[in-house]
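# Examining the three-dimensional arrangement
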Amino acid sequence: MTWLELADGVHARRYEHLDQTLGLVVGAERCLVIDTGCDEVHGAAFAAEIREITALPWVVVITHAHFDHHFGTAAFLPCPVWAHERCRDALIREGESDRAAWVRRLAGQPEAERLAAARLVLPDHLLTHSVQLDLGGGRSVELVHPGVAHTDHDVAVHVPDAGVLFAGDLVEQGAPPSIGPDAHPAHWPSALGRLLALEPATIVPGHGDPVGPDFVAAQRDELSRS
């Protein structure tokens, strides 16, 4: 586990388990937590790690409904929890079955027991296309749904004053993009093109190390050929 400071007040937290990357953006009045981890133990550890950086109240955004990005949310409550409107639908429809599948897959590992005990938290603030969040001190972030891709409800987090974009699993480093049964590979390249149009200097994947726009453009082109 390690913090990466990408810009003033913009941090990525790297984890060995699942090669996962979570995010934190700090303003003058509040901070934004980007994904909450695999379970409440993971979420509580991430929350404590954030408190080493800032004591500001937090807002949470869930990039999509896959288990490793949201089952830690209960550790951050009470707070606003943002997601795409279809993310909430997916959690209601598939959250428990997704949990059960991963508990079976992780059987025999401590993560399985922790995931089984985690509370499923539904987002209470929903977006359709995009929304601006004011973190104070002149720092605003934009939550962006660039179109269907890894899921039908992916949300990226753009920090324009820092030139940083948190892409969730729209981008992966260290492994190919994960194309599951709920993915839309034919539309994924267009979604990445919309993110690149924001002209970020640094893109943070949901799994792996931060990358530059050339990496994302290459991944877009590879998906186009798939």
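Residues numbered from 1 in each chain as written. Predicted model: local features only at pLDDT ≥ 70, side-chain atom pairs only at ≥ 80, totals over all residues. Heavy atoms only, no water.

## Thoughts on the pattern of salt bridges
Scanning the entire structure with this criterion turns up 12 salt bridges. Salt-bridge contacts for Arg 86 lead to Asp 152; the nearest nitrogen and oxygen are separated by 3.6 Å. On the criterion of sequence distance, the pair formed by Arg 86 in helix α2 (residues 85–105) and Asp 152 in the loop between β9 (139–144) and β10 (156–159) is long-range, its members being 66 residues apart. Exposure remark for Arg 86: the relative accessible area of 30% places this residue in the partly exposed category. Put simply, Arg 139 and Asp 161 hold a salt bridge, and the shortest N to O gap is 2.7 Å. Here Asp 161 lies in the loop between β10 and β11 (164–172) and Arg 139 lies in strand β9, a separation of 22 residues in the sequence. Accessibility expressed as a relative area gives 8% for Arg 139, which makes it buried. Where salt bridges share partners, they join Arg 14, Asp 19 and Asp 209 into one cluster. (Salt bridge = Lys/Arg side-chain N within 4 Å of Asp/Glu carboxyl O. Helix = DSSP H or I, 4+ residues; strand = E, 2+ residues; numbered from the N terminus. Buried < 20%, exposed > 50% of the residue type's maximum accessible area, 1.4 Å probe, protein only.)

## A word on α2
Over its 21 residues, α2 runs 28 Å from end to end, which matches the ideal 30 Å to within 8%, given 1.5 Å per residue. Maximum bend of α2: about 60 degrees, positioned at Glu 94. Among the residues of α2, those classed as buried are Cys 87, Ala 90, Leu 91, Gly 95, Asp 98, Arg 99 and Trp 102. Buried positions along α2 lie against β6 (81–84) and α3 (110–117). (Expected span 1.5 Å × (residues − 1). Bend = angle between axes of the 7 residues up to and from the residue. Contact = heavy atoms within 4.5 Å.)

Without other data, these values stay purely geometric and don't point to any function.
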